[in-house]
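A look at the structure
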Amino acid sequence: MIDLLLEGDDSSARRNEHVAQLRDRVAAADVVMGRLQRALDAGWDPGALREQYNAAVAKKRAAETVVT
């Protein structure tokens, strides 16, 4: 019976999976931000990229807030 209860308690596994997903979101946001920075460096209009960059920053901060 105890073995069944322990097998059923996957809360730490779920937490680890959730943290991994959040870290993936941070990494994805970093990729987007890097891509947008390269576009700016190539001469793209900052106004055209501002919303995308701000959205990536917001997603990254939200994920980092939960992870830390």
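Our subject is the structure that appears above.
Please read all numbers here as calculations on a predicted model, not as lab measurements.

Procedures and definitions
Position labels on residues start from 1 in each chain and follow its written sequence. Reporting of local features is limited, given that this is a predicted model, to residues whose pLDDT is at least 70; pairs of side-chain atoms are given and counted only at 80 or more, and all residues count toward the totals for whole chains, interfaces and linings. Only hydrogens and water are set aside; all other atoms, that is, all heavy atoms of the structure, feed into the side-chain values. By definition, any uninterrupted DSSP run of H or I lasting at least four residues is a helix, any uninterrupted run of E lasting at least two residues is a strand, and each is numbered from the N terminus. Exposure is judged per residue with a 1.4 Å probe applied to protein chains only, and the accessible area is read against the type maximum: over 50% gives exposed, under 20% gives buried, and values in between give partly exposed. Whether two residues are in contact is decided by their heavy atoms: any pair within 4.5 Å suffices. Here a salt bridge means any side-chain nitrogen of Lys or Arg lying within 4 Å of a carboxyl oxygen belonging to Asp or Glu.

1. Details of the environment of Ala27
Relative to the elements of secondary structure, Ala27 occurs in helix α2 (residues 11–41). Given the relative accessible area of 41%, Ala27 is considered partly exposed. Separated by 36 residues in the primary sequence, Ala27 and Ala63 place their C-alpha atoms 10.0 Å from one another.

2. Considering the side chain of Lys60
Along the chain, Lys60 falls in helix α3 (residues 46–67). The exposure class assigned to Lys60 is buried, which follows from its relative accessible area of 19%. When sequence neighbours within four positions are dropped, the list of residues in contact with Lys60 reads Val26, Ala29, Asp30 and Met33.

3. Here's the deal with the pattern of salt bridges
Considering all chains together, one arrives at 1 salt bridge under this definition. A salt bridge links Lys60 to Asp30; the nearest nitrogen and oxygen atoms lie 2.6 Å apart. In this pair, Lys60 sits in helix α3 while Asp30 sits in helix α2, placing the two residues 30 residues apart along the sequence. The exposure class assigned to Asp30 is partly exposed, which follows from its relative accessible area of 36%.

Keep in mind that these numbers describe shape and distance, not what the molecule does.
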